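Coordinate analysis (summary)
Each chain, written out:
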Amino acid sequence: MNASRAEICVVACAEVWRGDGEILASPMGTVPTIGARLARLTFAPELLLTDGEAMLIADVPAPGRRARVVEGWLPFRRHLALVTGGKRHVMMGASQLDRYGNQNISRIGDARRPDRQLLGVRGAPVNTLNHPVSYWIPRHSPRVLVERVDMVCGVGHDRAAAAGPAATRFHGLRRVVTDLAVLDFETPDRTLRVRSLHPGVTAEEVRAATGFPLDVPADAPRTRPPTAAELRLIREVLDPDGLRDREVRA
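All values derive from a computational prediction rather than experimental measurement.

**Digging into the overall build of the protein**
The helix and strand tally for the protein stands at 9 helices and 13 strands. Counting only C-alpha atoms and orienting by the principal axes, one finds that the protein spans roughly 45 × 45 × 35 Å. Every one of the 250 residues in the protein was classed for burial, and the buried ones make up 52%. Relative to all contacts within the protein whose residues are 6 or more apart in sequence, the contacts with residues 24 or more apart total 65%.

Structure (structure tokens):
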């Protein structure tokens, strides 16, 4: 069974939670949400999932559908306790992301007169300094993967190191999943490199779509496709309405 690019991305997002154990998965975006739920149903049964409001859910419905089984209450104060205690792995979006992992979701352009006003800083600094963080970028382009972000919201490796041990103690950027590749920070200077290329994508395509020189190892593997069982779960259980294809089109 041939997997679509969106389905490849779902599996790549699911993989960011592999080995996390009993920790709260906080996916932001349709594909990461399907990915977290796929991980829960397959190789990460201990993952905690929420309904997006104040409940921990025991079953794993498709996005937008109500959970039938609730296993716990997670009001805002308890959610914050998980965040500050490191018991959460969030997959955030990024309007801009630089090579060190500094993320911007607040504004585009000069602070005195921005071209675009975005979400705002939100909880990005606390997320990046207190628990594992990964990023989902559905359109890999030089406008998103930039040489320098216009404003730092999520803290990258260079800024965490400059701030000292208080910032680096629990700082952990794991993966960046895009519609072209999976990237990580496993380099000597903790900058982005390609971990795997999605099937059908070339190193030249990824470099051309990145706004800074990007390390693409000559032996970079292909992102693994879903198994037949995973593909059935994605198509029949987790996303029967095909919402994934609205976020990733290839």
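The rest of the description comes next.
**Examining the pattern of salt bridges**
One pass over the structure, following the stated rule, counts 17 salt bridges. For Asp110, the salt bridge identified is with Arg112, shortest N-O distance 3.0 Å. Taking relative accessible area as the criterion, Arg112 reaches 76% and is therefore assigned exposed. One salt bridge in this structure joins Arg232 and Glu236, with 3.9 Å as the shortest N-O distance. Within this pair, Arg232 and its partner Glu236 are both found in helix α8 (residues 228–238), separated by 4 residues, close to a single helical turn.

**Focus on the sheet that holds strand β2 (residues 49–50)**
Strands belonging to one sheet form pairs held by backbone hydrogen bonds; the direction of such a pair is parallel or antiparallel. Strands sit in the order β2-β3-β4 across an open sheet of 3 strands; the sheet is antiparallel. Single-partner strands in this sheet number two, and they are β2 and β4 (70–73). Inspection of the sheet shows strand β3 (residues 55–57) paired to β4 by 3 bridges, in the antiparallel sense. Within β4, the residue paired with Ile57 across the bridge is Val70.

**Considering the packing of helix α1 (residues 5–15) against helix α2 (residues 30–41)**
Close contact between α1 and α2 brings their axes to 7 Å; oriented N to C, the two are set at 60°. Here α2 runs oblique to α1, going by the angle between their axes. The hand of the α1/α2 crossing is right-handed. Facing Cys9, Val10, Val11, Cys13 and Ala14 of α1, the residues of α2 in contact are Val31, Pro32, Ile34, Gly35, Leu38 and Ala39. For the contact of α1 with α2, the residue count by class is 10 nonpolar, 1 polar and no charged.

**Examining the packing of aromatic side chains**
For the coordinates displayed, the defined rule picks out 0 aromatic pairs. Across the ring face of Phe43, the terminal group of Arg18 is positioned such that the distance to the ring centre comes to 3.8 Å.

**Considering the environment of Arg190**
Inspection of the secondary structure puts Arg190 in the loop between β12 (181–184) and β13 (193–197). Considered as a pair, Arg190 and Cys13 are 177 residues apart in the sequence and their alpha carbons are 21 Å apart. Setting aside residues up to four positions removed in sequence, Arg190 forms contacts with Arg99, Tyr100, His157 and Phe185. A polar side-chain atom of Arg190 sits 3.2 Å from a polar atom in the side chain of His157.

**Focus: the sheet that holds strand β5 (residues 88–92)**
Pairing is mixed across the open sheet formed by 6 strands, whose spatial order is β1-β5-β10-β11-β12-β13. Single-partner strands in this sheet number two, and they are β1 (24–27) and β13. Geometrically, the sheet is characterised by an average inter-axis angle of 20° between neighbouring strands, direction not taken into account. With 4 bridges joining them, β12 and β13 adopt antiparallel strand pairing. Across the sheet, the residue bridging to Leu183 is Val194, located in β13. Here α1 sits on the sheet in contact with β5, β10 (133–137), β11 (173–178) and β12, set at roughly 175° to β11.

About the criteria used
Residues numbered from 1 in each chain as written. Predicted model: local features only at pLDDT ≥ 70, side-chain atom pairs only at ≥ 80, totals over all residues. Heavy atoms only, no water. Helix = DSSP H or I, 4+ residues; strand = E, 2+ residues; numbered from the N terminus. Buried < 20%, exposed > 50% of the residue type's maximum accessible area, 1.4 Å probe, protein only. Contact = heavy atoms within 4.5 Å. Salt bridge = Lys/Arg side-chain N within 4 Å of Asp/Glu carboxyl O. Pairing = 2+ DSSP bridges. Axes fitted to C-alpha atoms, helices over the stretch in contact; angles between N-to-C directions. Parallel < 35°, antiparallel > 145°, perpendicular 65-115°, else oblique. Left-handed = near helix turned anticlockwise from the far one by under 90°. Nonpolar A, V, L, I, M, F, W, Y, C, P; charged D, E, K, R; others polar. Phe/Tyr/Trp six-rings, centres within 6.5 Å; stacked < 30°, edge-to-face > 60°. Lys NZ or Arg CZ within 6 Å of the ring centre and 35° of its normal. Polar contact = N/O pair within 3.5 Å; in protein donor to acceptor, adjacent residues only side chain to side chain.

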